[in-house]
Amino acid sequence: MQIAFIGLGNMGAPMAINLVKAGHSVKAFDLSADALARVKAEGGQIASSAQDAATGAEVVISMLPASQHVEGLYLGKDGQAGLLTHINKGALIIDSSTIAATSSQKVAQAAAAAGIGFIDAPVSGGTGGAIAGTLTFMVGGSDADLERARPVLEKMGANIFHAGAVGAGQTAKICNNMLLGILMIGTSEAIALGVANGLDPKVLSEIMRRSSGGNWALEKYNPFPGVHENAPASKGYAGGFGTDLMLKDLGLAQENAMSVKASTPLGGLARAIYAAHSIAGHGPQDFSSVIKMLQK
Ligand code: NAD
């Protein structure tokens, strides 16, 4: 199957590489030369532009930072036509970026008018899950489009959930990430408190992991350096999931909460904490670096 893959960052590159390893013909594009080189080194074909990647593709996958990048790519910007004018009629778009559900719906409507299928398929599982091919996909779209996408999604993920119509995948994703953002702050607070009392962070983390406070951060993504060898905390908080991306997701959650008049007080507080952490200069670092705000 001929696949176009646009956006080869911390998540997109390993996802595209897994498709190459599964035998798909992948033509990839990113604005960054370093990102392109990484995928080329693993056997992916490099495109000169997003249009070049998408020409003739049966499936177009995008993994971009935020709503404006996805809308700009497909619908166009600055007077330039979007990618929808270059994608074959009958092709399928799989957008795995975490963006506003309303943006997914806007792009899906324009795609449908051009005879192109669309699903939103944001992911969970972090860079470790992207590399291992064990991501969880949260899909919004029709049954038929999900079934067309399934053989491709299965090469990148271990769990595929159908959340509902277009946009529902994004809504599930921001609920999950609001919880994750809160959990990471809570986990950081608890570890910082223990360390301030002289406890060994590894021993304390293991106690909590096996107790009622156990959660994903304690399992796989400990915010304290040296507890998990492969977590961003042990690599100077490089790579992983940027604080600014978490801030974006918590913003999406708050916008959504306002639109449906939901009460999300901890989500709001978490957004304010990551915003302060970003302003202090940690925006590009992994979001688990939020522990720095809480340590002596
Ligand atoms: P990233 O910043 O590492 O990568 C984004 C890539 O998109 C960059 O390489 C950038 O050059 C490229 N890009 C931006 N605009 C482009 C355009 N117009 N054309 C081509 N390339 C373009 O981000 P990431 O961590 O890979 O995250 C991507 C998305 O996945 C985000 O929406 C994020 O919220 C979500 N996500 C990330 C993680 C994680 O752990 N990093 C986990 C789940 C979901």
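Up top is the structure these notes are about.
Rules used in this analysis
Residues numbered from 1 in each chain as written. Predicted model: local features only at pLDDT ≥ 70, side-chain atom pairs only at ≥ 80, totals over all residues. Heavy atoms only, no water. Pairing = 2+ DSSP bridges. Helix = DSSP H or I, 4+ residues; strand = E, 2+ residues; numbered from the N terminus. Salt bridge = Lys/Arg side-chain N within 4 Å of Asp/Glu carboxyl O. Buried < 20%, exposed > 50% of the residue type's maximum accessible area, 1.4 Å probe, protein only. Axes fitted to C-alpha atoms, helices over the stretch in contact; angles between N-to-C directions. Parallel < 35°, antiparallel > 145°, perpendicular 65-115°, else oblique. Contact = heavy atoms within 4.5 Å. Nonpolar A, V, L, I, M, F, W, Y, C, P; charged D, E, K, R; others polar.

Visitor: Break down the pairing of strand β11 (residues 157–164) for me, citing the residues and quoting the values.
Guide: When strand β10 (residues 135–140) meets β11, the two strands line up parallel, connected through 6 bridges. From the neighbouring strand, Val-139 faces β11, where its bridge partner is His-162.

Visitor: Run through the pattern of salt bridges, naming residues and quoting values.
Guide: Taken as a whole and judged by the stated rule, the model has 8 salt bridges. Its salt-bridge partner being Asp-52, residue Lys-27 comes within 3.0 Å of it at the nearest N-O pair. Placement of Lys-27 in strand β2 (residues 25–29) and of Asp-52 in helix α3 (residues 50–54) is noted, with a sequence separation of 25 residues between them. Lys-27 gets classed as buried once you look at its relative accessible area, which sits at 19%. The partner of Glu-206 in a salt bridge is Arg-210, with the nearest N and O atoms 2.7 Å apart. Among the residues examined, Glu-206 registers a relative accessible area of 32% and is labelled partly exposed.

Visitor: Could you give me a rundown of the packing of helix α4 (residues 67–75) against helix α5 (residues 101–113), with the residues and numbers involved?
Guide: Relative orientation of the contacting elements α4 and α5 amounts to 5°, with a least axis distance of 10 Å. Relative to α5, the element α4 lies roughly parallel. Residues Ser-67, Val-70, Glu-71, Tyr-74 and Leu-75 of α4 touch α5, and the partners they reach there are Ser-103, Lys-106, Val-107 and Ala-110. Of the residues assigned to the contact of α4 with α5, the class counts are 5 nonpolar, 2 polar and 2 charged.

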